[in-house]
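Coordinate inspection notes
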Amino acid sequence: MRERQTPLTKEIQNYIYENFNAEDELLSEISNQCWAEATIPQINITGYQANFLQFLIKAIDAKNILEIGTLAGYSAIVMARASSAKAKILTIEKEKKHADYAMKKIAEAGFSNKIKVQVEDARQFVKHFTPQTKLDFIFLDANKSSYSQYFDELAPHLRQGGMIVADNAFAFGFLLDSAPERNPKGVRSMLSFHKHILERNDFFTTIVPIGDGMLISLKK
Ligand SMILES: C[S@@+](CC[C@H](N)C(=O)[O-])C[C@H]1O[C@@H](n2cnc3c(N)ncnc32)[C@H](O)[C@@H]1O
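Analysis parameters
Residues numbered from 1 in each chain as written. Predicted model: local features only at pLDDT ≥ 70, side-chain atom pairs only at ≥ 80, totals over all residues. Heavy atoms only, no water. Helix = DSSP H or I, 4+ residues; strand = E, 2+ residues; numbered from the N terminus. Rg over C-alpha atoms; globule rule 2.2 N^0.38 Å. Buried < 20%, exposed > 50% of the residue type's maximum accessible area, 1.4 Å probe, protein only. Contact = heavy atoms within 4.5 Å. Areas by Shrake-Rupley, 256 points an atom, 1.4 Å probe, with all protein chains shown as cover. Salt bridge = Lys/Arg side-chain N within 4 Å of Asp/Glu carboxyl O. Core = buried A, V, L, I, M, F, W, Y, C linked by side-chain atoms within 4.5 Å. Axes fitted to C-alpha atoms, helices over the stretch in contact; angles between N-to-C directions. Parallel < 35°, antiparallel > 145°, perpendicular 65-115°, else oblique. Left-handed = near helix turned anticlockwise from the far one by under 90°. Nonpolar A, V, L, I, M, F, W, Y, C, P; charged D, E, K, R; others polar. Near = heavy atom within 4 Å. Polar contact = N/O pair within 3.5 Å; in protein donor to acceptor, adjacent residues only side chain to side chain.

Looking only at helices and strands, the protein chain has 8 helices and 7 strands in total. Radius of gyration (C-alpha) of the protein chain: 17 Å, near the 17 Å computed for a compact globule of 220 residues. With the C-alpha coordinates of the protein chain rotated into their principal frame, the extents come out at 55 × 40 × 35 Å. Taking all 220 residues of the protein chain together, the buried fraction comes to 49%. For the protein chain, contacts bridging at least 24 residues in sequence account for 71% of all contacts bridging at least 6. In the form shown here, the protein chain has an accessible surface area of approximately 11,700 Å², with 53% of it arising from carbon and sulfur atoms.

Time to look at the pattern of salt bridges. Counted under the stated rule, the structure contains 12 salt bridges. Glutamate 95 serves as the salt-bridge partner of lysine 94, at 3.1 Å between the closest nitrogen and oxygen. Taking the relative accessible area as the measure of exposure, glutamate 95 reaches 35% and is therefore partly exposed. In this structure, a network of salt bridges that share partners links the residues Glu37, Lys105 and Glu108.

Attention now moves to the nonpolar core. With 40 residues, the main nonpolar core has Ile115 and Phe137 as its most contacted residues. Looking at this core, the elements that each hand over two or more residues are α2 (25-38), α3 (47-59), α4 (74-82), α5 (96-108), β3 (115-119), β4 (135-140), β5 (158-167) and β7 (214-219). Broken down by element, this core gets its largest block of residues, 7 residues, from α4. For isoleucine 115, the contacting residues outside a window of four places in its chain are Ala76, Ile77, Ala80, Ile89, Thr91 and Ile106. Counting 29 residues, the second largest nonpolar core, distinct from the first, contains Leu66, Leu135, Leu140 and Ala155.

As a packed pair, α2 and α4 sit with axes 10 Å apart at the nearest point and diverge in direction by 165°. When the axes of α2 and α4 are compared, the pair comes out roughly antiparallel. Crossing handedness for the pair α2 and α4: left-handed. Residues Leu26, Leu27, Ile30 and Ser31 of α2 form the contact with α4, whose participating residues are Tyr74, Ile77, Val78 and Arg81. Partitioning the contact of α2 with α4 into residue classes produces 6 nonpolar, 1 polar and 1 charged.

What follows covers the site of the ligand. Around the ligand lies a shell of 22 residues, among which Ser75, Glu93, His98, Ala122 and Asp141 are the nearest. Here lysine 94 contributes a backbone N or O atom positioned 3.2 Å from a nitrogen atom of the ligand. Separating an oxygen atom of the ligand from a side-chain N or O atom of histidine 98 is a distance of 2.8 Å. Taken by itself the ligand offers 610 Å² of open surface, and the protein chains cover 93% of this. For the shell around the ligand, the residue count by class is 8 nonpolar, 6 polar and 8 charged.

So, to be careful, I would describe these as geometric facts and stop short of saying anything about function.
Given below as structure tokens:
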């Protein structure tokens, strides 16, 4: 029988990381030192996911970008590097400590004018957010249990042909586990998020097995 999916061996993974990796010295420093410098967990996207996000941003020439979940600024810097000089990125973070550290790193990367970090709980933010210009690209990477809320409240602000990308679509590998040892509520909510967006006829959605899985929805 034809293999449905070529297994991702260590060799292939290493090959991918050697050739399709957006991580440079500054990004590697952020990822490797955020815990030692500011007790911020090292849970940013990988360099390969960064390369993939950059590909998507370039493909649709995203200029108005919203991120939910800043952490140390790694993915915001990644998106800033891929977008044109006129692009703007707003990134929402509920932990002030994370936001402060991210702002420092964003300044070091030279993007203080392009990226704005807003300290707020995104569950509140999406209720009052009214952008002046429609968004091109939304990256969801905060508390997984609110993904459906974020999607529904932000979808009206997205332009036709815009994208919503959601990380951790495989719920840290527990997506299909009937008794997950880690965060069962989060796992159930990720499954219901999948179902929810697959039912939306105004979006075309796919899933990519990269990192912990990314769901990508394109507004029709
Ligand atoms: C996985 S990290 C984001 C990683 C980041 N996108 C990157 O790849 O560099 C998740 C972040 O979302 C933040 N967060 C969690 N719940 C949130 C909420 N309700 N509103 C805003 N931020 C939240 C956490 O504090 C954490 O910094």
